[in-house]
Amino acid sequence: MSLHNFFSIAATAVILAACSDLTISEQTGTAPDAAAMTADPAISLRAAQSPDNTISITLNHGEGSATAYISAIADKPLQYAQTLRLAPASEQFVADWSDSTGIDYKLLPTAFYALGSGNTLEIPAGSTRSAENLLTVYSRNLFGTVIDAGRYLLPLVATSSLYEAKDSTILVDVTIREKYVTPEGIKLYTGDDMFTIYYLNTAEFDPRLACEMVLEDIDQNIFPERLVGLGNIIVLRSSMLSYDESTGKVGIEPSADMRYILEHWTERVLPVQETGRKVCLCIDGGGKGVGFCNLTDFQIDQFVTAAKRLVDTYGIDGVNLWDRNSAYNLVEEKGLPPVNTTSYPKLIKALKEALGQDKLVTVTDHGEPTEYFGDVQAMGGIEVGRYIDYAWHGYCDNTEPIQIVDPWHPDAPMVSASYKRSPIAGLSPERYGCVHTTSYPGRTDFEIKSENITEWVKAGYNPNGISVFYDIHSNRQDEFEAGYTNYPDFVIIAWMDVVGILLYTNLWSDNVGYSGYNAWVKDW
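Along each chain, residue indices are assigned from 1 in the same order as the chain's sequence is written. Given that this is a predicted model, residues contribute local features only at a pLDDT of at least 70 and side-chain atom pairs are listed and counted only at 80 or more, while totals for whole chains, interfaces and linings are drawn from all residues. Note: side-chain values were computed over all heavy atoms of the structure, leaving out hydrogens and water.

Draft legend 1. Quick peek at the pairing of strand β20 (residues 390–393). A 1.4 Å probe rolled over the protein chains alone gives each residue an accessible area, and that area as a share of the maximum for its type sets the label: buried under 20%, exposed over 50%, partly exposed in between. Starting at the N terminus, helices and strands are each numbered in turn, a helix being any DSSP run of H or I of at least four residues and a strand any DSSP run of E of at least two. With burial as the criterion, each face of β20 is covered, one bearing Y390 and W392 and the other bearing A391 and H393. In this structure, strand β19 (residues 360–365) lies alongside β20, joined through four bridges in parallel fashion. The residue of β20 that forms the bridge with D365 is H393. Bridging between β20 and strand β21 (residues 432–433) involves two bridges; their strand directions are parallel. Within the sheet, the bridge partner assigned to A391 lies in β21 and is Y432. A pair of strands is labelled paired if DSSP reports no fewer than 2 bridges between them.

Draft legend 2. Seen up close, the packing of aromatic side chains. Pairing of aromatic rings covers Phe, Tyr and Trp, the last through its six-membered ring, and needs centres within 6.5 Å; plane angles under 30 degrees mean stacked, over 60 mean edge-to-face, and all others mean tilted. A full pass over the atoms with the stated rule returns 17 aromatic pairs. Pairing Y189 with F223 gives two aromatic rings, centres 5.0 Å apart and planes at 70°, and the pair type is edge-to-face. A residue pair is termed long-range when its members are at least 10 positions apart, and Y189 in the loop between β11 (169–177) and β12 (195–201) and F223 in the loop between β13 (214–217) and β14 (227–229) qualify at 34 residues. Like Y189, the residue F223 is buried in the burial classification. An angle of 20° between the planes, with centres 5.1 Å apart, marks the rings of F195 and Y390 as stacked. Of this pair, F195 sits in strand β12 while Y390 sits in strand β20, and the two are 195 residues apart along the sequence. When its relative accessible area of 12% is taken as the criterion, Y390 is described as buried. Throughout this description, the term charge over a ring refers to an Arg CZ or Lys NZ atom that lies within 6 Å of the ring centre and within 35 degrees of the ring normal. A cation sits over an aromatic face here: R324 above W322, 3.7 Å from the ring centre. We note R431 situated over the ring of Y390; from NZ or CZ to the ring centre the distance is 4.6 Å.

Draft legend 3. Looking closely at the side chain of N141. Relative to the helices and strands, N141 is located in the loop between β8 (133–138) and β9 (150–160). Residue class for N141 comes out buried when judged on its relative accessible area of 9%. Here the side chain of N141 touches A111 through a polar contact of 3.4 Å, landing on its backbone oxygen. Polar contacts, as used here, are pairs of N or O atoms within 3.5 Å; protein pairs need one atom able to donate a hydrogen and one able to accept it. Residues neighboring in sequence count only if both atoms are side-chain atoms.

Draft legend 4. Layout of helix α11 (residues 451–458). Within the span of α11, buried status applies to N452, I453, T454, W456 and V457. Once α11 finishes, G460 follows within two positions and takes phi at roughly 80°, a positive value.

Draft legend 5. Spotlight on the confidence of the model for the protein chain. Confidence of the predictor at the level of single residues is captured by pLDDT, which takes values from 0 to 100. Taken over all residues, the pLDDT of the protein chain has a mean of 86, while the share at 70 or more is 86%. Contacts are assigned to residue pairs with any non-hydrogen atoms lying within 4.5 Å of each other. Contacts of residues 1–37 to residues separated by more than four positions or lying in other chains number 26 contacts, the stretch itself having pLDDT below 50. Low pLDDT, under 50, characterises residues 506–515; the stretch is placed with 25 contacts to residues that sit more than four places away or in other chains.

Draft legend 6. Examining the nonpolar core more closely. Here, nonpolar core refers to any group of buried Ala, Val, Leu, Ile, Met, Phe, Trp, Tyr and Cys residues whose side-chain atoms link them within 4.5 Å. Counting residues in hydrophobic clusters, the biggest one holds 88 residues, and the most contacted among them are L236, F303, Y344 and I348. Of all hydrophobic cores here, the second largest spans 31 residues; its members include I57, Y113, L121 and V137.

Draft legend 7. Main features of unusual backbone geometry. Note that the residue after R237, namely S238, is joined by a cis bond; omega there is 15°. For S238, the location among the structural elements is in strand β15 (residues 233–243). Of the consecutive residues Y470 and D471, the connecting peptide bond is found in the cis state with omega at -15°. Mapping D471 onto the fold places it in the loop between β23 (466–470) and α12 (489–496). Despite not being glycine, A327 has its phi angle at roughly 60°, a positive value. Tracing the sequence through the fold places A327 in the loop between β18 (318–321) and α8 (331–334). Positive phi, normally seen in glycine, also occurs at K449, with a value near 60°.

Draft legend 8. Geometry of the packing of helix α7 (residues 297–314) against helix α9 (residues 343–355). Where α7 meets α9, the axes come as close as 9 Å, and the angle between the chain directions of the two elements is 35°. Crossing hand, α7 versus α9: right-handed. Across from D297, I300, F303, V304, A307, K308 and V311 in α7, the residues of α9 making contact are S343, K346, L347, A350, L351, A354 and L355. Note on geometry: axes are lines fitted to C-alpha atoms, helical ones only across the stretch in contact, with angles between N-to-C directions running from 0 to 180 degrees. By convention, the crossing between two helices is left-handed when the near helix turns anticlockwise from the far helix through less than a right angle, and right-handed when the turn is clockwise.

Draft legend 9. A look at the pattern of salt bridges. By salt bridge we mean one thing: a side-chain nitrogen of Lys or Arg within 4 Å of a carboxyl oxygen of Asp or Glu. A full pass over the atoms with the stated rule returns 18 salt bridges. Between R268 and D523 there is a salt bridge whose closest N-O contact spans 3.1 Å. With R268 in helix α5 (residues 265–268) and D523 in the segment after β24 (501–504), the pair connects residues that are 255 residues apart, well separated along the chain. Exposure remark for R268: the relative accessible area of 4% places this residue in the buried category. Judged by relative accessible area, which is 55%, D523 ranks as exposed. K346 is the salt-bridge partner of D297, the closest N and O atoms lying 2.6 Å from each other. Here D297 is found in helix α7, whereas its partner K346 is found in helix α9, with 49 residues between them in sequence. Take D297: its relative accessible area is 46%, and that puts it in the partly exposed class.

Okay, here's the thing in structure tokens:
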């Protein structure tokens, strides 16, 4: 089949998807001509929840299965019942598709997929739609045989004896991948005395950089293993709250780089999750005067729906809400709903209830948007901390010394005098990060005052081992030299009050070794 025909199939599938019963539109114009009204019905295949009739499936080698639903639709009710037979296209089709995409596909063997209702679809007389047929793809089939790792294609085509079956190809794109194993067997540290949270900017780096946040305990006097992984939660940025001024609709708009990462989640983020790290998306304001603090109830529903769709579609572990750059100064000028103290708590509550206990809702406590989170009455009776898994302060300017923001000990001498926060109602101190640092290029330890962390810990004020770092990066940003205050190691050294723990980045990848420069720099 020619490349032109491939694109014709895809284009027609998109057009058909626009006619699904989830789309409501009001169309006007000239009436269809008589020939169109009297033509025989045309039948097409449909892959559920797939507007381009492509089903993407990823399975670990030797593990699990995945399912998708396939049906047939006609462009008008059928006068007679019709049976469509499903069959895989030829290996030549797969070879041609490989040539057109540049991906080396193999035809998915029949032993590794099954159609629950057999290889047919039935459209009853008078109807336009068949029942759905469940397709199951296996990495290990029912006889215990394991398919080799690689890329497979299952092009399903339909034939009909009575009516024309147009554009009847569904492409099942199957990736069988080897599960990621940390080089040298380095495991993520999960002890109660250290819990690290790292932001990562996808405009600069591939998220797999997080897998190479490794501490070496030279004397092995702190950790049971000489090498331990850091980054219990990795927060990817950036995405923002979107607002359509013509309709008032809100949603979530990932940056172009973040969108690329989402579209390549299996390759670039799943390995991070397989190390035990949780991956969340940071969502900021969109700069249009609408933010978490002035959403209507309907907009809250829209935002929650968008967040849940993102989390469910890509297997994200949760979200981080940071209400900054919302441009609330535009509210009066644009006639937008006023900023209030109930919108944000209602959003957090609705989001947590929608995502459930297995997903994380985290909040950056910063500025006016969260300064009233200790006042239950102001929040309309919502004890907002009950719906937050983790929170941390957002004061990490690299032109200032390290700011320890401790809501429970605000007057302690080592705690920030510049930035004060109140305890979040309903949130345990064990879930709040008082130490949030960043890279301090060119500054000495004396200038950044990391000894304040040591004194704060020694005083018994720290309720947990939580430290936050914004943003992790690689040797590339430091012109191939790792400065002491550029990586998170100085935080751990100060926290543990030890000497001789070094943080290595980009040193543990099989294909990089000790020349680990630019290992996970953006390459798209």
